[in-house]
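Residues per chain, in single letters:
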Amino acid sequence: EDRRNIYQKIFLAITFFSYGGKNVKILSIAIPCYNSAAYMRRCIDSLLPGGEDVEILIVDDGSTKDNTAEIADEYEKNYPGIVKAIHQENGGHGEAVNAGLRNATGVYYKVVDSDDWVDVDVYLDIIKTLKELVAGPQTVDMFISNFVYDKAGAKHKKVMRYKAFPENEVFQWDHAKKLHIGRYILMHSVIYRTMLLRECNLELPKHTFYVDNLFVFQPLPYVKNLYYKNVNFYHYFIGRDDQSVNEKVMISRIDQQIRVNKIMIDTMADNKIADKRIRQYMTSYLDIITTVTSVMLIRSGTEENLEKKKELWQYLKAKDGGLYFRLRHGLFGRTMNLPGRGGRKLSVAAYKISQKFYGFN
């Protein structure tokens, strides 16, 4: 029996006795909230049916403009033992995820953003499956399910599925097919084993957007066993003008995107990733993120940001020459580095075509 299984049993025993032998939390769910009063109730209410099997950690990240803090306290009072309100000074989305992880007692850990929600029937089925996995002989490090792009006003909702993965069974990376471009594992689709996140010392940077990529990316070298359930669990709401995925907003926050991009480069450069399939997947993931960063810097149209794009690629080259070569001479790398104003226009056009063809957001 390997070390991870032993850790899992110790973790379960500690959790069991910490609750006086009454109940083990299967799933901890963190809800980062910052001035979220207008929509956080829908999110929380969709998670309450999990009952005593879950703990819902509402992280009030220094909200000041509305009654987010009061709503969090209200739910904690009305649902003792299930909901916990955590209040902290504003540290950004990443620090709210960190706070949730520090307080989590569940075997597994999930992040649900305050403007999103889950399908209740699927949610209950996933909890049932997680309980069966915990009681089984193999430790599952990463649980994956589908998510829905719930775009405001759209009649047809795009669903992110993972056809490359075997369904309803524990599997390893070598049993997965190559993921298609645009079908990357995102925060919305993943549930991690809590102890794994602690073992890899995951700590997301403060006051930085786009850290959801780091949440998925940094623990990947530690993931051995996976499980995929082909169900539409998570509803990712797209529609607010101030959302971080809005292109104009992304350009205004481009330094934060660059910071995340560089941390992802560091993660690959500083880790000897022996598993070939994980290394291939992480390289492909980094390729997409670097492409997005590059095209946003081009789209801004400023000489300063064009210089930042050049510096980003130089940073990658200095950190890992082999990784730089693979990305720079790949399809996206060549497209993002076409010379001159005409080349930059072609880069943007190619990116837009790729977005539609491959379906990445």
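Quick look at the structure, then. Remember, predicted model here, so these are calculated numbers, not experimental data.

### Notes on the overall build of the protein
When you go through the protein residue by residue, the secondary structure sums to 14 helices and ten strands. Counting the 361 residues in the protein, one finds 55% classified as buried. As displayed, the protein has an accessible area near 16,600 Å², and 52% of this comes from carbon and sulfur atoms.

### A word on the state of the cysteines
In total, this model carries zero disulfides according to the counting rule given. Of the cysteine sulfurs around Cys33, a residue in no disulfide, the closest is that of Cys43, at 6.9 Å.

### Examining helix α9 (residues 254-270)
In this model α9 runs 24 Å from its N-terminal to its C-terminal C-alpha over 17 residues, within 8% of the 24 Å that 1.5 Å per residue would give. Regarding α9, the residues found buried are Ile254, Gln257, Ile258, Val260, Asn261, Lys262, Met264, Ile265, Asp266, Thr267 and Met268. As for α9, its buried residues are in contact with α7 (212-217), α8 (247-252), α10 (276-300), α11 (303-319) and α12 (321-328).

### Concerning the packing of aromatic side chains
One pass over the structure, following the stated rule, counts 19 aromatic pairs. Seen from their ring centres, Tyr192 and Phe215 are 5.7 Å apart, and the 70° between their planes marks the pair as edge-to-face. With Tyr192 in strand β9 (residues 190-193) and Phe215 in helix α7, the pair connects residues that are 23 residues apart, well separated along the chain. Across this residue pair, the class does not change: Tyr192 and Phe215 are buried. One cation-aromatic arrangement involves Arg42 over Phe237; the distance from NZ or CZ to the ring centre is 5.7 Å. When the ring centre of Phe209 is taken as reference, the NZ or CZ atom of Arg253 above it lies at 3.5 Å.

### A few points about the side chain of Thr194
For Thr194, the location among the structural elements is in helix α6 (residues 194-199). In contact with Thr194, not counting residues within four places along its chain, are Leu101, Ala104, Gly106, Val107, Tyr108 and Tyr109.

### A few points about the pattern of salt bridges
Taken as a whole and judged by the stated rule, the model has 14 salt bridges. Salt-bridge contacts for Glu132 lead to Lys128; the nearest nitrogen and oxygen are separated by 2.9 Å. Placement of both Glu132 and Lys128 in helix α5 (residues 120-135) is noted, with a separation of four residues, approximately one turn of the helix. For Glu132, a relative accessible area of 46% translates into the label partly exposed. Judged by its relative accessible area of 48%, Lys128 falls in the partly exposed class. Ionic pairing is found between Asp141 and Arg193, a salt bridge with its closest N-O pair at 3.0 Å. In this pair, Asp141 is assigned in the loop between α5 and β6 (142-151) and Arg193 in strand β9, connecting sequence segments 52 residues apart. Since its relative accessible area comes to 0%, Asp141 is described here as buried.

So, how was this worked out
Residues numbered from 1 in each chain as written. Predicted model: local features only at pLDDT ≥ 70, side-chain atom pairs only at ≥ 80, totals over all residues. Heavy atoms only, no water. Helix = DSSP H or I, 4+ residues; strand = E, 2+ residues; numbered from the N terminus. Buried < 20%, exposed > 50% of the residue type's maximum accessible area, 1.4 Å probe, protein only. Areas by Shrake-Rupley, 256 points an atom, 1.4 Å probe, with all protein chains shown as cover. Disulfide = S-S within 2.5 Å. Expected span 1.5 Å × (residues − 1). Contact = heavy atoms within 4.5 Å. Phe/Tyr/Trp six-rings, centres within 6.5 Å; stacked < 30°, edge-to-face > 60°. Lys NZ or Arg CZ within 6 Å of the ring centre and 35° of its normal. Salt bridge = Lys/Arg side-chain N within 4 Å of Asp/Glu carboxyl O.

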